[in-house]
Amino acid sequence: MLDQHFMIDKELLLRIIKISKLNKEDIVLEIGPGTGNLTELIANKAKHLYVIEKDSELFEELNEKFASPKITLIHDNAAKAKFPNFNKCISNLPYTLCETLLWKFTRYKFESLTLVVPKNFTDLILNKNPSRLQLLVDSYYNVELIEEISPESFEPQPKVLSALIQITPKETKSFIKEFLSQYDKKTKNALKEILMKKGLTKQQALEKISLNLRPKIQDTNIINLSLQEIQEIENKFKK
């Protein structure tokens, strides 16, 4: 069943619900619900819950378990699926999806993300060591470590510590935010759109890009750029 570790600690599940501050107006997204232990608690508090599960076996089990108009089950890969509108996400994330989803959430408006992730992933986004991921987080998110979680809280038990974190969006606007949110586009195409919004013609934008960036960087998707390349682009185009 992919890389999921299902939460079985009832007190932990209740703490997750508590810090999410759910109310009857919330539209919630849950990714990787597994056997639905968290799903049931969310549905009891929220107005509506969208659940995305990739594993066919688990999806069928969830279909049988949850027959409620308050719950919409989506059989899809969260890394590729278009998310429905939501204002809160509460999820025990599949471990391999953590970074991918932080890039993806840059395209969505939300109030909070309450997530269980590997502790070493939390360290990466909180330790302030320069990296592409750190730049993304610093540009977009406020991250709070709520608590560390032992392997005994899951079945099967992961080999690493986990962590409960809460993320809220930063509302500031910047060149780097606009650039990184186009992470799956080629650099030149993303820059062209940004420059045209600033008043340049298509031809002027392409000429500026051609004069300032090597062809290899122009044709690289943003998500594959190195930190140094992103910083070079920011220095040349943010004004």
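Predicted model only: the values in this text are computed from it and were never measured.

**Concerning the packing of aromatic side chains**
In step 1: Counted by the stated rule, this structure contains 11 aromatic pairs.
In step 2: Taking 5.8 Å as the distance between ring centres and 45° as the angle between the ring planes, the aromatic pair formed by F83 and F105 counts as tilted. Here F83, found in the loop between β4 (71-75) and β5 (88-92), pairs with F105, found in the loop between α4 (98-104) and β6 (112-118); they are 22 residues apart in sequence, far enough to count as distant.
In step 3: Among the residues examined, F83 registers a relative accessible area of 4% and is labelled buried.
In step 4: By relative accessible area, which is 1% here, F105 ends up buried.

**With respect to the nonpolar core**
In step 1: Ranked by size, the top nonpolar core spans 48 residues in total, and within it I31, F83, L102, F105, F179, L180 and I233 carry the most contacts.
In step 2: Each residue touching I233, except ones within four places of it in the same chain, is listed here: F175, F179, T187, L191, L213, I217, L225 and K238.
In step 3: With 24 residues, the next largest nonpolar core counts M7, L13, I16 and L73 among its residues.

**A look at the sheet that holds β5**
In step 1: The sheet built from seven strands is open, its strands ordered β4-β3-β2-β5-β6-β9-β7 with mixed pairing. Each having just a single partner strand, β4 and β7 (141-149) make up the two edges of the open sheet. Adjacent strand axes in the sheet meet at a mean angle of 20° when their direction is disregarded.
In step 2: Along the sheet, helix α6 (residues 132-140) makes contact with β7 and β9 (162-169), crossing β7 at roughly 110°.

Reading guide: rules and limits
Residues numbered from 1 in each chain as written. Predicted model: local features only at pLDDT ≥ 70, side-chain atom pairs only at ≥ 80, totals over all residues. Heavy atoms only, no water. Phe/Tyr/Trp six-rings, centres within 6.5 Å; stacked < 30°, edge-to-face > 60°. Helix = DSSP H or I, 4+ residues; strand = E, 2+ residues; numbered from the N terminus. Buried < 20%, exposed > 50% of the residue type's maximum accessible area, 1.4 Å probe, protein only. Core = buried A, V, L, I, M, F, W, Y, C linked by side-chain atoms within 4.5 Å. Contact = heavy atoms within 4.5 Å. Pairing = 2+ DSSP bridges. Axes fitted to C-alpha atoms, helices over the stretch in contact; angles between N-to-C directions.

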